[in-house]
Every structure is written in C-alpha cells, then in structure tokens.
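These are the residues of each chain, in order.
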Amino acid sequence: MRVPLLDLKEQYGKIKDEISLAIEEVVNSQCFILGPKVEELEREIAKYCGVRFAVGVASGSDALIISLRAIGVGYGDMVITSPFTFFATAGAIYNVGARPVFVDINPDTFNLDPGKISQFLRSLKREDLRKVKAIIPVHLFGQIAEMDDILRIAQEFGLKVIEDAAQAIGAEYNSQRAGSIGDLGCFSFFPSKNLGGYGDGGMIVTNDEKLAEKVKMLHLHGVNKSKYEHLIVGYNSRLDALQASILKVKLKYLDEWSEKRRRNAAYYNELFKETSLSSNSEYEALNSSKYPVILPRVSKGRRHIFNQYTIRIRRNKRDGLKKFLEKKGVGTAIYYPLPLHLQKCFCYLGHKEGDFPVAEKASKEVLSLPIYPELTNEMQEYVVQRIREYFRS
Ligand SMILES: Cc1ncc(COP(=O)(O)O)c(C=O)c1O
C-alpha cells in the first residue's frame, strides 16, 4: 500500500467542476488583479474568523512582514517568537530590520511557553526592554498557543501581538477563531494548508480599523486613496483574483475537511493506544520510557485543526523509523529538523546548542504522519501497523 503524506489530487478530483467554473469566470472577466473576487473572499474570511477586516496578500510570509510594518516595527526593534516554527516567522522579523528574539516552547503543544516569555522580559535591562515591540505566537500544526497568558504579558509590557496562524485557519481557543485574538492574524494559503490555493497566497485579519487601513496601504505600495500618491513605501503584495476564486470554492468545504482531519487524528490515537507503543494514560506515556511514541496533546478549550498530526519518537529512533516507513510506502515529514536559533543565517544572534533545549529536543523527535481528509481507515491502520513492525524488529 502507498500512503503519501498529502494527496491533493484526491481533493481536486471531488471539486474539479466547481474549480473549473470559478477559473473560467475570472478568465472571462479578464479582471486578474484585486476586484470583486478578492473582495468577496476577504469578506468571507473575515466572517469565518469572526473579525471586522481581512486583506488578501501574496503569501503568508508577506502577511507577517506587512503586519509587522503595520504596527510600526522597524530597525533596531526586537520581536519575540518561537525557535520551533517555519522559517518565515523569524525571516519576516529580520526582513523589517528587527531582531528575532527566541523564547523556548512548551513540550506538549510545541507552542511558545508564556512563562518563559515573561521570564525573558523580566531579565532585560530597561534600554533593551524598550526595544521589544511585539510577540508573534505561532499556532503550530493547527493548535492555538496559550493566548490568554500571552495577551496578559503583552498588555503588561505594552507589546502588540501578531498571530502566525498560517497553519491554523479555523482552529479555536475558547470558541475564538485563530487570527481574531491578537492585534493582527496572518494566514497562508500555501497548497498544503487546510485552506490551500493553487499557488501562493495569504491574508491578514484584524478588528482594528486603523491597522486594517495601514495594511491596505502597505500591500499596495503605500498608496492611500489616489492611485499615484504614496504616503509610505509599501509592497506589491496582492492576492490575485484566480487564487481568490479558487479559495472561495474551497472555503465552503474547509470545516468538513478540518473535521475529517480531526477524526483521522482521533483514529490514530485509538490505533496507537491499542498497541504497546503508547500508553492510554498521558502521564505514563510521557513519563515511562517503556513507550517509544508520544501522541499529539490537545490543550483544554482548543479546537485543533491538525494541519499536521505530529508524534514524538523517543530513543533516537525517529530517523530510522522515517526511512523504514519510506521503504514501506508511507510518506512522513520532519517539521522542523533544525530550530531557528541554530540556523546559519541567524548565527549573528550568538546562540548555541543548549539555548532552547525544548525546541532542540522536539526537532530531534518529531515526525508528522499523513492526516489529510481523504485518508482512509485502512491507510491509517497500515501506517500504525508499519510503525509497530519497526519497533518489534
Ligand atoms: C508557521 C508558518 N508561518 C509562515 C508561513 C509562510 O507562509 P507562505 O508559505 O504562504 O509564505 C508558513 C507556511 O508554510 C508557516 O507554516
């Protein structure tokens, strides 16, 4: 049996006719840049996230850069984020001239540890504290970070919060949708996301009218009302009408697809617990070295949308297992094999191994399994059986 990490062709096959019609409509209109399709999608995403404003941009990376610019982050500033995320989060901070400041993660959720943010801020001298402008929590793999604590810290220290919700559209935190909790929320429509386009795309959401205005200006070269009047220097970062029309079709199915991912995650949990690879008791699974597999943990009050189903493999067996699964036709991925503080391009920050031990350990243990909505029970059973086989041998 072959079980790919992701199979977008299956999904496309089911919505092919609708997608073709949507593309045809845009091509017939010959309106490719901005226009009604983009505006309609912006309204629909704003409604979906429970916010007042949404602005389409060219990618999730641009969404982060433009959001940072919108809150006034620039040269010499510092922005706190996770070392265990996709590169774009810290890359965006660098690209606006600021310094990424890493804080370690919570081992259960892989998200920023608020206790460590607070500890870090309290350790700073006053002149450095003044440079810290914002926190970017990343809702990794589709689970929202500890937003209550993060917002409390942000308020105490006068910081803005930009949610990197690239992997978390539709995820919930005490019934609030991802992107709607901080000052600004950033989404990516990269094809592998729960809501993926047929190319690059992104969106910024906010409840703050002034920030929404600033974002709109920034994504169109800093233009205000008149086309050739530039109040600030911005970017050419637009979501195009073809992507918007495709995303409008897919948005209708997003909740159904995310629910299927959640069901698949529950089934994996069930299958693993029937084996001797992981314990039924969370305490035992974490504390007894008898169990080589640690299952994803979902915190209280969360709707995890499982952009990834990421397990931990202990005893230095992760890489061996990955290769074994590959040979058996099972696709897996390591998100992320090297934490950002150890990336060459960030060596000027002066970090070394051991600085963020939780993130470093995660990068050695994580393995993401296929979780896409069209995955069948038989495929999941095959995956878990092969993992069992590997540990038996
Ligand atoms: C956590 C996170 N942040 C930012 C991005 C950047 O999004 P994009 O690839 O659309 O630029 C991604 C996309 O992979 C991501 O996973």
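Look above for the structure.
The notes below deal with the structure included here. These figures come from a predicted structure and were not determined experimentally.

### So, the site of the ligand
Neighbouring the ligand are 16 residues; Gly-60, Ser-61, Asp-164, Ser-188 and Lys-193 lie closest to it. Here Ser-188 contributes a side-chain N or O atom positioned 2.7 Å from an oxygen atom of the ligand. Within the side chain of Lys-193, an N or O atom sits 2.7 Å from an oxygen atom of the ligand. Calculation on the ligand without its partners gives an accessible area of 390 Å², and the protein chains cover 93% of this total. Of all the cavities here, the one that holds the ligand is the largest pocket. Secondary structure elements with two or more residues in the shell around the ligand: helix H3 (60–70) and helix H4 (88–95). Element by element, the count of residues in the shell around the ligand is highest for H3, at 3 residues.

### Some thoughts on the pairing of strand E2 (residues 78–81)
Residues Met-78 and Ile-80 of E2 are buried on one face, and the alternating residues Val-79 and Thr-81, pointing to the opposite face, are buried as well. Alignment of E2 against strand E3 (residues 99–102), held across 4 bridges, turns out to be parallel. Its bridge partner lying in E3, Val-79 is registered against Pro-100. Bridge count between E2 and strand E4 (residues 132–136): 4 bridges; the pairing is parallel. The residue bridging Thr-81 from the neighbouring strand is Ile-136, located in E4.

### Observations concerning the nonpolar core
Residues Phe-84, Tyr-268, Phe-272, Tyr-309, Ile-311, Leu-369 and Ile-387 are the most contacted members of the largest nonpolar core, which totals 47 residues. Taken together, the elements giving at least two residues each to this core come down to helix H10 (254–274), strand E12 (309–313), helix H12 (318–327), helix H13 (357–365), strand E13 (366–369) and helix H14 (377–392). A total of 7 residues in this core trace back to one element, the largest contributor, which is H14. When residues are assigned to domains, this core turns out to be shared by domain 1 (8–251) and domain 2 (254–392), each giving three or more.

The rules behind the values
Residues numbered from 1 in each chain as written. Predicted model: local features only at pLDDT ≥ 70, side-chain atom pairs only at ≥ 80, totals over all residues. Heavy atoms only, no water. Near = heavy atom within 4 Å. Polar contact = N/O pair within 3.5 Å; in protein donor to acceptor, adjacent residues only side chain to side chain. Areas by Shrake-Rupley, 256 points an atom, 1.4 Å probe, with all protein chains shown as cover. 1 Å grid on protein atoms, 1.4 Å probe; cavity = no way out; pocket = protein on both sides within 12 Å on 5 of 7 lines; lining within 4 Å. Sits in = over half its atoms within 2 Å of the grid points. Helix = DSSP H or I, 4+ residues; strand = E, 2+ residues; numbered from the N terminus. Buried < 20%, exposed > 50% of the residue type's maximum accessible area, 1.4 Å probe, protein only. Pairing = 2+ DSSP bridges. Core = buried A, V, L, I, M, F, W, Y, C linked by side-chain atoms within 4.5 Å. Domains from an automatic or database assignment.

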